[in-house]
Amino acid sequence: MRSAEQRNGIITSKRNARDKALGFASPYLVNDHDAYTEATASEIVQRIAKEEWTSSQVLEAYIARSAMAQAETNCLTEVLYEDARKRAKELDAEFATTKTLRGPFHGVPFSVKDNYQIEGYDTTTGLTAWANNPGKKDACLVAQLRAAGAIIFVKTNVPQTMFAFECSNPLWGRTTNPWNNKYTCGGSSGGEAALLAMDGSAIGVGSDVGGSLRIPTSYCGIYSLKPTAERISSVGTPGIRPGFEAVRSSHGPLARSVQDCELFCKTIFGQKDSSHQNIPMPYQAVELPSKLRFGYYLSDGMMETSPVCKRAVLETVSALRKQGHECIEFTSPLNRAAMEVFVALASSDGYKKMLSHLDSDPMENSLFLVTLGPRLPSFVRKLACWIAKTFLGDSLFSQLFSLAREKSVTEFTDLTDQRNEITAAWYEQIWDKYGFDGIIAPVQSLPVIPHGGSAYLSPLAAATIIYNIVDSPVGIIPVTRVNPDTDQLSTDFVPGASGQSKVLESRMYLGKNPIYDPKAMEGIPVGVQLVGKKWEDEKVLAMMHVVDEALGPRGFGPGSWKQREKDSDS
């Protein structure tokens, strides 16, 4: 184990190297650069193909903008500006000679979540123990993107161990929400979301095992797709718990438009990895019926959904109905069971493997509640569960906390079987029963949390975890923003009244400093989940187009952060 002095030396060295690399960025010039940074990835390729722009011109704009985003939110880890410039020059020289694009992402500046290996650069995921160990080869997805003409120019920040939905670690520090720095950008793909929200990258990639693509996407007001787990390769993404496959990680795009999510999937779907681990299922275009049948719900049945998150779902439903689509409200009966299985499986080794990577790093507060159960003696954990149920009247909190402990092999296999039973029941009780094309659901019960909020509100991730358990593809679409005039909590709200978690709801909505504060959160983006059946990723993308167009212009997409700049200046 490294000493505190050694750890601090690593932190200083890594941050100094990042600052030095950032120094090679030119200032952001609105008149010169806005045209590039306000273009989607799809538009960038089209303009380069028409010889209106060059890869180098586009890259310089995004380099300048990413440095600006870093200064605002602390979203970057490894900075590859000089290598990216060489790559852009090579692409420009090649295109000048051949007049042929390298691929669908020719000249597009790409950012990647820090857990993707890049040759010659560290993959630390916020751990000082993993620093100073440059990758020997690119992650499979990185190599595929390069082959398609992409220019990888930065890596982005993640929470310690990537097992939290905010974004802070001892090595790189805390990433803030670009719309309000008092709140988190989300996690674990939080650095990506913050960067893209500020137009600091044209498009990016991240991973998701419990909401890590979807939560930061909603918090920051962009778009993403969590594909079915095995559609895209995970080779070259070092995990905190290698070998844990009870809940498979999914890899997908974060972007500023549905079109860019679609372009990403058209390019990457169907490509094999070196280990033949992903399913080489090519992109298959779908034709939707003129009238779609959507299901929707306003609560996951575990915690009261905030007024603004309900409004996001209802505005989406209203917009779809105006376009002639059918929307049917239903109750999701399996969210609690899915969350229980997830907690039980994830804690099966007492988080020993995950926490072993901390070395001498202090544990972030975001991991407090999620790892507390296994760290307590059995009798103390049982006592805490009894108190929560008997005296606090919260059987849900008690049950979840009781499941967070080490398991035997027999228990683990039984839980894996329960996961499979939940998946089968989800199809029987939801998809088959109602005949839905897609489902509209809240991303979380709250629109955002303050820094450190996941220390005691980690169960909020239940709203996204259900779709990791059943392995559904899910798109995130930004819908609205927090408005204190419309999104106040009802004055007659009583925590736990509907059989949900009294402990969690009290912390979320009551007390001197409730987490949900529409005035303090004003302007924070709020999205919805658009869910499809496993392997129907292309249908989800097609339905994302339908929803996005039905909602109409609403201040999201490239250039939307300029309004935040104007508000700050006024």
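Check the entry above for the structure.
Bear in mind the structure is a predicted one, so any value in this text is a computation, not a measurement.

Novice: A description of the pattern of salt bridges should follow, citing residues and the corresponding values.
Specialist: Using the criterion set out here, one finds 28 salt bridges in the structure. Of the charged contacts in the structure, one is a salt bridge between glutamate 94 and arginine 102, with a shortest N-O distance of 2.5 Å. The partly exposed category is assigned to glutamate 94, whose relative accessible area is 26%. Here glutamate 411 ties to arginine 405 by a salt bridge, and the two come within 3.0 Å at their closest N and O atoms. Given a relative accessible area of 28%, glutamate 411 falls into the partly exposed group. Here the residues in one salt-bridge network are Lys14, Glu78 and Asp122, joined through shared partners.

Novice: Now, about helix H16 (residues 409-434): what can you tell me, with residues and values included?
Specialist: Owing to its 3.6 residues per turn, the α-helix brings residues three or four apart onto one side. Between its first and last C-alpha, H16 extends 37 Å over 26 residues, near the 38 Å set by a 1.5 Å rise per residue. Along H16, the residues that are buried comprise Leu415, Thr416, Arg419, Ile422, Thr423, Ala425, Trp426, Ile430 and Trp431. Tucked inside the fold, the buried residues of H16 contact helix H11 (335-346), strand E13 (438-442), helix H18 (462-469) and strand E15 (525-531).

Novice: Requested: an account of unusual backbone geometry, with residues and values cited.
Specialist: Each neighbour pair has its own omega, and for glycine 187 with serine 188 the value is 10°, a cis peptide bond. Note on placement: serine 188 falls in the loop between strand E7 (180-184) and helix H7 (190-197). Located in the positive-phi region is aspartate 471, a residue other than glycine, with phi close to 55°. Topologically, aspartate 471 is positioned in the loop between H18 and strand E14 (474-481). In the Ramachandran plot, tryptophan 535 falls in the positive-phi region, its phi being about 75° despite a non-glycine side chain. One can find tryptophan 535 in the loop between E15 and helix H20 (537-551). The exposure class assigned to tryptophan 535 is partly exposed, which follows from its relative accessible area of 28%.

Novice: Report on the pairing of E13, specifying residues and quantitative values.
Specialist: Counted residue by residue, E13 has 5 buried out of 5 residues, so it is predominantly covered. Neither face of E13 is left uncovered, since the one carrying Gly438, Ile440 and Pro442 and the one carrying Ile439 and Ala441 both have all their residues buried. By the bridge criterion, 3 bridges tie strand E11 (residues 293-296) to E13 in an arrangement that is parallel. Bridge pairing links phenylalanine 294 to glycine 438 in E13. With 4 bridges connecting them, E13 and E15 associate as antiparallel partners. Within E15, the position partnered with alanine 441 by the bridge is glutamine 529.

Cut-off values and rules
In this convention, every chain numbers its residues from 1, walking through the sequence in written order. Only residues with pLDDT of at least 70 get local features here, since the model is predicted, and only at 80 or more are side-chain atom pairs given and counted; chain-wide, interface and lining totals rely on the full set of residues. Side-chain measures here rest on the full set of heavy atoms in the structure, leaving out hydrogens and waters. Here a salt bridge means any side-chain nitrogen of Lys or Arg lying within 4 Å of a carboxyl oxygen belonging to Asp or Glu. Buried residues are those whose accessible area, probed at 1.4 Å on protein chains only, stays under 20% of the maximum for their type, while exposed residues exceed 50% and partly exposed ones sit between those limits. A run of H or I in DSSP becomes a helix once it reaches four residues, and a run of E becomes a strand once it reaches two; helices and strands are each numbered from the N terminus. Between the first and last residue of a helix there are one fewer steps than residues, each counted as 1.5 Å, and that sum is the expected span. Only heavy atoms enter the contact rule, under which two residues are in contact if any of them lie within 4.5 Å. In this scheme, strands are said to pair when DSSP sees at least two bridges between them.

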